[in-house]
Structure formats: C-alpha cells, structure tokens
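Reading the structure
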Amino acid sequence: EVQLVESGGGLVQPGGSLTLTCVGSGFSFSWYYMSWVRQAPGKGLEWVSGITTVGDRINYAESVKGRFTISRDNAKNTLYLQMNSLKPEDTAVYYCAKPKARATMTLNLAEYDYWGQGTQVTVSS
C-alpha cells in the first residue's frame, strides 16, 4: 500500500522558516519524480514544486521561487521542502504527491494518484 506521511508544519511568524518532510512507503520512491502541492483556505490545490529522481531538475511555482527549496534523500525515502521568508499567503495545508507515471512533474494535478494526509502551515503574527 502506497503511503505518504508529511510532517513539520506549524505556526510561524512572517519572515520565518519551516522545513516540511514527507516519507514515502509502499512504492519505489527513488524511481519517481515527486512534488509538493498546497491548498490555502477556501482555495483550490496549487502545485508548489517538483523534483526529478536524482534532483538534477527542479521546478517551482512563481509564487515560491527564491524562497522555497525542494530536496530528497532516496536512501531514506524522504522528500523535503525548506521554506524561508514565509508570507501569510503561504498559509495552507501542504501535501506531497506521487505521480501516476514515474517521470512526471506537472501542474496538472490529475496526473498524481497518491497524496499524504497533509501538514498545516500557518504564517501569522
């Protein structure tokens, strides 16, 4: 059974930092591109960032570029999202997402078949 378990969310002041972690199991984690997706209150899902299997290609949404850093440790089946200079508009539930096809990094959320339970990030003073 595929499982994705996120952690690391919390309450942080504007300008602060958090690191999110996602541990995958039940599939060959190192074979798959992986992505982070978020959902802000009252809004739809937004693709945030994606990374190839070995991290040689990384993409970010314009809204987080220069502030967020995605990475992975395949030996630990773990995906990370380092978030710096956080803004109130970054408040959302953050999910890691596994694509249906291994080499997929796309804003089209229909191309992802497994998601974690999410971790809440709240940016507020």
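Scope of this entry: the structure provided in the associated data block. Predicted model only: the values in this text are computed from it and were never measured.

A few words now on unusual backbone geometry. A positive phi angle, close to 50 degrees, is found at Asn-77, a residue other than glycine. Within the element layout of this structure, Asn-77 appears in the loop between β7 (68-73) and β8 (78-83). Judged by relative accessible area, Asn-77 falls into the partly exposed class, the value being 27%. The residue Ser-85 is not glycine, and still its phi comes out positive at about 50 degrees.

Among the nonpolar cores identified, the biggest contains 27 residues, and Met-34, Trp-36, Phe-68, Leu-79, Leu-81, Met-83 and Tyr-94 are the most heavily contacted of them. Put simply, the parts of the chain that give this core at least two residues each are β3 (18-25), β4 (34-39), β5 (45-51), β7, β8, β9 (92-99) and β11 (119-123). Excluding its chain neighbours within four sequence positions, the residues that come into contact with Met-34 are Leu-4, Phe-27, Phe-29, Ser-49, Gly-50, Ile-51, Ile-70, Arg-72, Leu-79, Ala-97, Lys-98 and Pro-99.

Moving on to the packing of aromatic side chains. Under the counting rule described, the total for this entry stands at four aromatic pairs. Summarising the aromatic geometry, the rings of Tyr-95 and Trp-115 are spaced 6.5 Å apart at their centres and angled 90 degrees between planes, so their arrangement reads as edge-to-face. Of this pair, Tyr-95 sits in strand β9 while Trp-115 sits in strand β10 (residues 112-115), and the two are 20 residues apart along the sequence. For the pair Tyr-112 and Trp-115, a centre-to-centre distance of 6.1 Å together with 55 degrees between the ring planes defines the contact as tilted.

Our focus in this paragraph is the environment of Ala-97. Along the chain, Ala-97 turns up in strand β9. On the basis of relative accessibility, which here comes to 0%, the residue Ala-97 falls in the buried class. Through-space distance from the C-alpha of Ala-97 to that of Lys-43 is 18 Å; in sequence the pair is 54 residues apart. Leaving out residues up to four positions away in the same chain, Ala-97 has contacts with Leu-4, Met-34, Ser-35, Val-37, Tyr-112, Tyr-114 and Trp-115.

Moving on: the pattern of salt bridges. As enumerated under the stated definition, the model contains five salt bridges in all. Ionic pairing is found between Arg-38 and Glu-46, a salt bridge with its closest N-O pair at 2.7 Å. Two residues, Arg-67 and Asp-90, come together in a salt bridge whose shortest N-O distance is 2.7 Å. Of this pair, Arg-67 sits in the loop between β6 (58-60) and β7 while Asp-90 sits in the loop between β8 and β9, and the two are 23 residues apart along the sequence. Overall, Arg-67 belongs to the buried group, its relative accessible area being 10%.

Cut-off values and rules
- Residues numbered from 1 in each chain as written.
- Predicted model: local features only at pLDDT ≥ 70, side-chain atom pairs only at ≥ 80, totals over all residues.
- Heavy atoms only, no water.
- Helix = DSSP H or I, 4+ residues; strand = E, 2+ residues; numbered from the N terminus.
- Buried < 20%, exposed > 50% of the residue type's maximum accessible area, 1.4 Å probe, protein only.
- Core = buried A, V, L, I, M, F, W, Y, C linked by side-chain atoms within 4.5 Å.
- Contact = heavy atoms within 4.5 Å.
- Phe/Tyr/Trp six-rings, centres within 6.5 Å; stacked < 30°, edge-to-face > 60°.
- Salt bridge = Lys/Arg side-chain N within 4 Å of Asp/Glu carboxyl O.

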